[in-house]
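Observations on the model geometry
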Amino acid sequence: MTMINTHKAYLALQQAGVADKQAEVMVEIFAEMQQENSLTKIDLSQAMEGVVRMQHATNNRIDSVVRMQHATNNRIDNLEQRFDHFEKDVTGQFQTIYKHFEKIDERFEKIDERFEKIDERFEKIDQRFEKIDQKFEKLDIRLGAMDQRMDQNFTALKKDSQWLKGILMAIVCTMIPATAKYMFMS
C-alpha cells in the first residue's frame, strides 16, 4: 500500500512541475515520515529546506542554460549577419565581374566589326589586284607581240642598214675620184 501511495505522490509532484530528482527526494522524505511517524516539524522544515535548495539549484541551472541559449542565439544571429554581409559582398563582386565581362564582350564585338571592315577592304584590294593582274597579262601579250615585231623590224633594219652601207660605200667610192679630179684639176 505504501508503494502505491509513494508512486501516486511522485506522479502528483511531477504534474505540479517539480523536477524528477526533487520529486523523488520529496517522496522519499514523505515515505520515511509515514514509516517512522516520529518526524517532527523541524525534520519536515529541514527536508523542505533541502527541497527548496535543490529547486533553487535547479532554477539556477535552468537560468544558466537559458542564458547559454540566449548567448548561442546571439552568436548564431551574429554569424547570420556576417554571412549575409559576406554574401552581399560576393554578390556585388560577381556583379562587378559580370559588368567587366560585358564591357570586354562589347570591345570584342567592336574589334570583330573592325576586322569585318578590314576584310571588306582586303576583298576590294584583291579585286583591284585581279584587275591589275588582268591588265598586266594583256600588257604582257602586247609586249610579246611588240617584241616579235621589233625582232622582225630589227632584222629588216639590219638588212636595210647593210644595203645603205653598200650604197654609201658606192657613193664614197664615186666621190673620192670626183674629188680627186676636182682637186687636181683646179
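The shown structure was predicted, so the numbers you read here are calculated from the model rather than taken from an experiment.

Re the overall build of the chain
Across its full length, the chain holds three helices and zero strands. The linear arrangement of helices and strands in the chain, starting from the amino end, is α-α-α. Every one of the 186 residues in the chain was classed for burial, and the buried ones make up 6%. Accessible area of the chain: about 17300 Å², with a carbon and sulfur share of 59%.

Re the nonpolar core
Grouped together as the largest cluster of nonpolar side chains are seven residues: Y10, L13, V18, A23, M26, V27 and V51. Mapped onto this core, the elements with two or more residues apiece are α1 (2–15) and α2 (20–36). Once you skip the residues sitting within four places of it in the chain, M26 turns out to touch L13, V18 and V51.

With respect to the confidence of the model for the chain
Averaged over the chain, the pLDDT score is 85; the fraction of residues at 70 or greater is 90%. Least confident of the elements in the chain is α1, whose mean pLDDT is 69; most confident is helix α3 (residues 41–185), at 89.

Observations concerning the side chain of Q22
Along the chain, Q22 falls in helix α2. We classify Q22 as buried; its relative accessible area is 4%. A polar atom in the side chain of Q22 sits 3.0 Å from the backbone oxygen of M54. Reaching out from Q22, the side chain makes a polar contact with the side chain of T58 at a distance of 3.4 Å. In contact with Q22, other than residues within four places in its own chain, are V51, M54, Q55 and T58.

Parameters at a glance
Residues numbered from 1 in each chain as written. Predicted model: local features only at pLDDT ≥ 70, side-chain atom pairs only at ≥ 80, totals over all residues. Heavy atoms only, no water. Helix = DSSP H or I, 4+ residues; strand = E, 2+ residues; numbered from the N terminus. Buried < 20%, exposed > 50% of the residue type's maximum accessible area, 1.4 Å probe, protein only. Areas by Shrake-Rupley, 256 points an atom, 1.4 Å probe, with all protein chains shown as cover. Core = buried A, V, L, I, M, F, W, Y, C linked by side-chain atoms within 4.5 Å. Contact = heavy atoms within 4.5 Å. pLDDT = per-residue confidence, 0-100. Polar contact = N/O pair within 3.5 Å; in protein donor to acceptor, adjacent residues only side chain to side chain.

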